[in-house]
Amino acid sequence: MTTTTPTTPAAPPLTPARLWKRMTADQRLGAARAFWQSDEAGDDQVQAVLLIAQHKKFRPKTVMSLDEERRAKHLASLPAIPETMAARALIVYHLAAQRPMMGAFLDALGIAHEEGVIQAEDVKPDPARLAPSVDQIAGAYPSADVALYLNTLVCQDPETWGGLRPIADERGWG
């Protein structure tokens, strides 16, 4: 007679859209504001207009005529958005609102950067420095912001930043 141990299903991979759903209301609003202010989100902005129009039963022209703040509030209120749009919103949010934290994290890792943005190609963090660097920014910034940043890194580049996943999971941020 063989016995089997029940297995827990693996957690689904973390994606930008899943991360969007887990963001706080303030984070979503901040990301939505940054999204509409970004000059690089053109196609995603068109898609966002159509998504808001569909969700709110507006005409796309009406959504386009709304001021930026109202479009941001409507986007932030959407329960789900497409992967590419979520990825773009996460990137522009961090670049617009979280550069000091990004810079502090990279400094703690000993990675050269310019205002929180790594300039060199193929930079890999030292795995031994990940947890202490996370501890450093966790002591200086709100945990919801640190969790979002770490998970964004993992979503955007799991090969480079995958070592953050167990650290985030251990802290209940995964």
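In what follows, the structure referred to is the one given above.
Residues numbered from 1 in each chain as written. Predicted model: local features only at pLDDT ≥ 70, side-chain atom pairs only at ≥ 80, totals over all residues. Heavy atoms only, no water.

1. Topic: the overall build of the protein
Stage number 1. When helices and strands are tallied, the protein shows eleven helices and zero strands.
Stage number 2. Counting from the amino terminus, the protein carries its helices and strands in the arrangement α-α-α-α-α-α-α-α-α-α-α.
Stage number 3. In terms of overall dimensions, the protein has C-alpha extents of about 60 × 55 × 30 Å along its principal axes.
Stage number 4. Considering only contacts within the protein whose residues lie at least 6 apart along the sequence, 65% involve residues at least 24 apart.
Stage number 5. A total of about 9,800 Å² of accessible surface is found on the protein, and carbon and sulfur atoms cover 53% of it.
Stage number 6. Here the protein contributes 18 positive and 21 negative side-chain charges, whose respective centroids are spaced 12 Å apart. (Helix = DSSP H or I, 4+ residues; strand = E, 2+ residues; numbered from the N terminus. Contact = heavy atoms within 4.5 Å. Areas by Shrake-Rupley, 256 points an atom, 1.4 Å probe, with all protein chains shown as cover. Lys, Arg positive; Asp, Glu negative; His and termini not counted. Charge placed at Lys NZ, Arg CZ, Asp CG, Glu CD.)

2. Some words on the pattern of salt bridges
Stage number 1. Inspection of the entire model under this criterion finds six salt bridges.
Stage number 2. In this structure, Arg88 engages Asp44 in a salt bridge whose closest nitrogen and oxygen atoms are separated by 3.6 Å. In this pair, Arg88 sits in helix α6 (residues 83-97) while Asp44 sits in helix α3 (residues 42-56), placing the two residues 44 residues apart along the sequence.
Stage number 3. Assessed through its relative accessible area of 25%, Arg88 is described here as partly exposed. (Salt bridge = Lys/Arg side-chain N within 4 Å of Asp/Glu carboxyl O. Buried < 20%, exposed > 50% of the residue type's maximum accessible area, 1.4 Å probe, protein only.)

3. What about unusual backbone geometry?
Stage number 1. For Lys57, which is not glycine, the phi torsion reads 60° and is therefore positive.
Stage number 2. Locating Lys57 in the fold gives a position in the loop between α3 and α4 (60-65).
Stage number 3. Even without being glycine, Glu115 reaches a positive phi, approximately 50°.
Stage number 4. Relative to the assigned elements, Glu115 resides in the loop between α7 (99-109) and α8 (127-138).

4. Here's the deal with the layout of surface pockets
Empty space among the atoms becomes visible once a probe the size of a water molecule is rolled across them.
Stage number 1. Space inside the largest pocket adds up to approximately 590 Å³.
Stage number 2. For the lining of the largest pocket, the elements supplying multiple residues, two or more each, are α6, α7, α9 (143-156) and α10 (158-161). (1 Å grid on protein atoms, 1.4 Å probe; cavity = no way out; pocket = protein on both sides within 12 Å on 5 of 7 lines; lining within 4 Å. Points joined across faces, edges and corners; volume = space filled by probe spheres on them.)

5. Looking at the side chain of Thr15
Stage number 1. Along the chain, the position of Thr15 falls in the segment before α1 (16-22).
Stage number 2. With relative accessibility at 16%, the residue Thr15 sits in the buried group.
Stage number 3. Residues contacting Thr15, with those up to four places away along its chain left out, are Glu83 and Cys155.

6. Here we look at α9
Stage number 1. Compared with the 20 Å implied by 1.5 Å per residue over 14 residues, the 20 Å span of α9 between its first and last C-alpha is a close match.
Stage number 2. The buried count for α9 comes to eleven of 14 residues, which makes it a mostly enclosed element.
Stage number 3. Looking only at α9, the buried set comprises Asp145, Val146, Ala147, Leu148, Tyr149, Leu150, Asn151, Thr152, Leu153, Val154 and Cys155. (Expected span 1.5 Å × (residues − 1).)

The quantities given are spatial measurements derived from coordinates; they are silent on function.
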